[in-house]
Structure formats: structure tokens, C-alpha cells
Amino acid sequence: SAQAWASDAVLVALNSDQIAPDGQSFAWSFTFYSPAMEKYQDFFTFADVIITEADKDDHDFGTLALPENWIDSDVAVSAAEANDGSDFRTDFDEAEVYSSLDYFRLYHENEGDGGDQNSATSRFPTGFLAKFAFKAAPSSPSRIEDTVEDLAVWRLRYYSDAQEKDFQVEINAVTGALLASDVH
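Residues numbered from 1 in each chain as written. Predicted model: local features only at pLDDT ≥ 70, side-chain atom pairs only at ≥ 80, totals over all residues. Heavy atoms only, no water.

A. Structural context of the overall build of the protein. Within the protein one finds two helices and eight strands. Counting from the amino terminus, helix and strand elements in the protein follow one another as α-β-β-β-β-α-β-β-β-β. Split into buried and exposed, the 184 residues of the protein put 43% on the buried side. Put simply, the protein shows about 9500 Å² of open surface, and 48% of that area lies on carbon and sulfur atoms. (Helix = DSSP H or I, 4+ residues; strand = E, 2+ residues; numbered from the N terminus. Buried < 20%, exposed > 50% of the residue type's maximum accessible area, 1.4 Å probe, protein only. Areas by Shrake-Rupley, 256 points an atom, 1.4 Å probe, with all protein chains shown as cover.)

Here is the structure:
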């Protein structure tokens with residue numbers, strides 16, 4: 001368990017390949033961070049089997065613990081399905097859905113030279129099937145208030161390999177509210 005690895009371990013990210021419309025998946029990846037050791041540990045679950053990797057000094061995720069009140073995958077997928085995910089699957093019946101729960105740094109459009117707009121991409125799971133890597137949404141006054149904040153986000157990526165089309169939905173991981181959706 002994560003607590004056996006490090007008593008101060010905190011969950012910083014959760015990923016799944018091929019998540020079902022009911023939010024279930026055969027396999028999950030949990031990434032924990034230990035502030036005391038300054039290391040990460042990945043735990044992979046496949047049904048009832050748990051596999052760990054050697055701990056790492058760095059990772060694609062930040063060090064901030066996910067909020068304790070994050071919504072479960074079934075609620076996140078339901079929100080994505082209600083916001084055109086179901087339509088995408090109808091249009092592309094072979095589409096697969098990939099999910100990620102972690103923090104997404106939102107930058108105010110007028111942050112200026114003090115902030116690197118591209119640093120948000122470092123929070124995305126680049127090791128999580130690189131061709132499906134989530135792209136940071138551009139700053140937009142309609143989406144971002146006057147402050148800079150860290151926001152826990154469920155990202156659901158619908159992908160049709162046959163048609164080379166994908167649809168991304170970002171859901172607030174605490175409230176379940178739609179943050180953004182985009183077809184590529």
C-alpha cells in the first residue's frame with residue numbers, strides 16, 4: 001500500500017485506459033508522492049492485482065495532494081457523456097475513452113511575464129499513452145477568473161483511431177461541473 005511505502009504518501013494523480021461509460025475500468029494507475037522522501041510511487045491495479053514500480057525522483061505530476069472530496073469516475077464520466085461524450089461515441093462507435101485525474105494549473109490571461117503559460121503541460125501525464133496526451137487549454141477570459149489557482153480536474157479523452165478524431169472533456173473534480181470540451 002502507499003502508506004507502507006511512505007507514511008506521508010499523498011495521492012497526486014489517477015489514470016485509466018479504456019474507461020467504460022459507467023466509469024468502471026479494468027486497470028487503474030495511482031501516483032503517490034512522499035514529501036519527506038521527495039519521491040513518487042506508482043501503483044497499478046488490474047482487477048485484484050496491484051503492481052508497483054520503483055520509486056522515482058520526478059514525475060509528470062505535481063506534488064499537491066488531490067482533494068479528499070474528489071468525485072468518483074462514474075460521476076465524471078456521466079458529466080462527460082452528458083456534454084457530448086455520448087454523441088462522440090455514437091458517431092465513432094469504436095472510440096475508446098481514457099481518463100486522468102490530477103491538477104491543472106489555470107493561468108489568468110493577463111499573468112504576463114511572471115508565469116509560463118506552457119508550464120501547465122508539465123502537469124499532464126506524458127507517460128499516459130503519449131499520442132493521447134492531454135493538451136493544456138488556452139487561457140480564456142470566459143473560463144478563468146482574476147486569480148491563478150490549482151484546480152483538480154478529471155480529463156476524459158474520447159479517441160477514434162479509425163477516424164483519427166478525438167474529443168476531450170475537462171470536469172471539475174470536486175463539483176462535477178464542465179470546465180471545457182474540445183474536438184480535434
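B. Here's a closer look at helix H2 (residues 73-91). Over its 19 residues, H2 extends only 23 Å from the first C-alpha to the last, a length that falls short of the 27 Å expected when each residue adds 1.5 Å. Helix geometry: H2 is bent most strongly at Ala-82, by close to 75 degrees. Of all the positions in H2, only Ser-73, Ala-76, Val-77, Ala-79, Ala-80, Glu-81, Gly-85 and Phe-88 are classed as buried. (Expected span 1.5 Å × (residues − 1). Bend = angle between axes of the 7 residues up to and from the residue.)

C. Highlighting the nonpolar core. Of all hydrophobic cores here, the largest spans 30 residues; its most connected members are Phe-32, Trp-154, Leu-156, Tyr-158 and Ile-171. Top element by residues in this core is H2. It accounts for five residues. (Core = buried A, V, L, I, M, F, W, Y, C linked by side-chain atoms within 4.5 Å.)

D. Broad picture of the side chain of Ser-160. Residue placement: Ser-160 occurs in strand E6 (residues 149-160). In terms of polar contacts, Ser-160 uses its side chain to reach the backbone amide nitrogen of Gln-163, at 3.1 Å. In contact with Ser-160, not counting residues within four places along its chain, are Phe-88, Phe-92, Glu-94, Ala-95 and Lys-165. (Polar contact = N/O pair within 3.5 Å; in protein donor to acceptor, adjacent residues only side chain to side chain. Contact = heavy atoms within 4.5 Å.)

E. Fine view of the environment of Glu-164. Its place among the elements puts Glu-164 in the loop between E6 and strand E7 (165-172). Look at Glu-164 and you get exposed, because its relative accessible area is 62%. In the structure, Glu-164 is positioned 69 residues away from Ala-95 in sequence and 9.8 Å away in space, judged by C-alpha atoms.

F. Region of interest: the pairing of E7. Burial within E7 is extensive, with seven of its eight residues counted as buried. Two elements, E7 and strand E8 (residues 178-183), share five bridges in a ladder whose sense is antiparallel. Within E8, the position partnered with Ile-171 by the bridge is Leu-178. Turn length for the E7-E8 hairpin, with the two strands adjacent in sequence and antiparallel, is five residues, and the turn residue Gly-176 shows positive phi of about 80 degrees. (Pairing = 2+ DSSP bridges.)

G. Summary view of the pattern of salt bridges. Considering all chains together, one arrives at three salt bridges under this definition. Arg-89 is the partner of Glu-81 in a salt bridge, and the nearest nitrogen-oxygen pair spans 2.4 Å. The class for Glu-81 is buried, based on a relative accessible area of 14%. Classification of Arg-89 as partly exposed rests on a relative accessible area of 28%. Measuring nitrogen to oxygen at the nearest pair gives 2.4 Å for the salt bridge that ties Asp-102 to Arg-155. Taken together, the residues span a long stretch of sequence, with Asp-102 in strand E5 (residues 96-106) and Arg-155 in strand E6 at a distance of 53 residues. Among the residues examined, Asp-102 registers a relative accessible area of 1% and is labelled buried. (Salt bridge = Lys/Arg side-chain N within 4 Å of Asp/Glu carboxyl O.)

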